[in-house]
Amino acid sequence: MKLRHIAGLALVLVASNAFALTGEQYLSQATVRPAQARKLALKTYSGRIVAEELEQEAGGSGLRYSFVIRHKSAKHEVGIDAKTGKVLENSVEGEHPD
């Protein structure tokens, strides 16, 4: 019985970390931590984060978290400034994301 619980817990942990933050090399430049940026993104558009990236991109401070958030069949991209926490983007994810 204990083995079944351990196997179930392992499956949950693997499934909850199915994606990883790309752009980790920029973390030292970010004032906003990834967990805080995730909360801001999900407050902006509720759903489940299916992809996340920390990237240098024009607009705001030049460093941003980009989250793809799925809600039912829709996907949104939410951009959070990594230095200020300001929402930079909240748009429908296109068929060919950048």
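Residues numbered from 1 in each chain as written. Predicted model: local features only at pLDDT ≥ 70, side-chain atom pairs only at ≥ 80, totals over all residues. Heavy atoms only, no water.

Asker: So, the overall build of the chain: which residues are in play, and what are the values?
Answerer: Tallying secondary structure elements over the chain gives two helices and four strands in all. The order of helices and strands in the chain, counted from the N terminus, is α-α-β-β-β-β. Looking at the chain as a whole, 30% of its 98 residues qualify as buried. Accessible area of the chain: about 6600 Å², with a carbon and sulfur share of 57%. (Helix = DSSP H or I, 4+ residues; strand = E, 2+ residues; numbered from the N terminus. Buried < 20%, exposed > 50% of the residue type's maximum accessible area, 1.4 Å probe, protein only. Areas by Shrake-Rupley, 256 points an atom, 1.4 Å probe, with all protein chains shown as cover.)

Asker: Could you give an account of the environment of Glu24, naming the residues involved and the relevant values?
Answerer: Of note, Glu24 is situated in the loop between helix H1 (2–16) and helix H2 (34–44). The exposure class assigned to Glu24 is exposed, which follows from its relative accessible area of 52%. The sequence separation of Glu24 and Leu54 amounts to 30 residues, and the corresponding C-alpha distance is 6.8 Å.

Asker: Tell me about unusual backbone geometry, and please be specific about residues and values.
Answerer: Here Lys72, not a glycine, exhibits a phi torsion of approximately 55°, which is positive. With respect to the element layout, Lys72 can be found in the loop between strand E2 (63–71) and strand E3 (74–81).

Asker: Tell me what's going on with the confidence of the model for the chain, and back it up with residues and numbers.
Answerer: Here the chain averages 82 in pLDDT, and 77% of its residues register 70 or above. Confidence, read as mean pLDDT per element, is least for H1 in the chain (41) and greatest for H2 (97). Within the model, the stretch residues 1–18 combines pLDDT values under 50 with zero contacts to residues more than four positions away or in other chains. (pLDDT = per-residue confidence, 0-100. Contact = heavy atoms within 4.5 Å.)

Asker: Residues and numbers for the sheet that holds strand E4 (residues 87–92), please.
Answerer: In spatial order, the strands read E1-E2-E3-E4; together these four strands make up an open sheet with antiparallel pairing. Edge positions in the open sheet fall to strand E1 (48–56) and E4, since each of these has one partner strand only. When the angles between neighbouring strand axes are averaged without regard to direction, this sheet yields 15°. Across five bridges, E3 lies against E4 in antiparallel orientation. Opposite His76, over in E4, you have Val92 as the bridge partner. (Pairing = 2+ DSSP bridges. Axes fitted to C-alpha atoms, helices over the stretch in contact; angles between N-to-C directions.)

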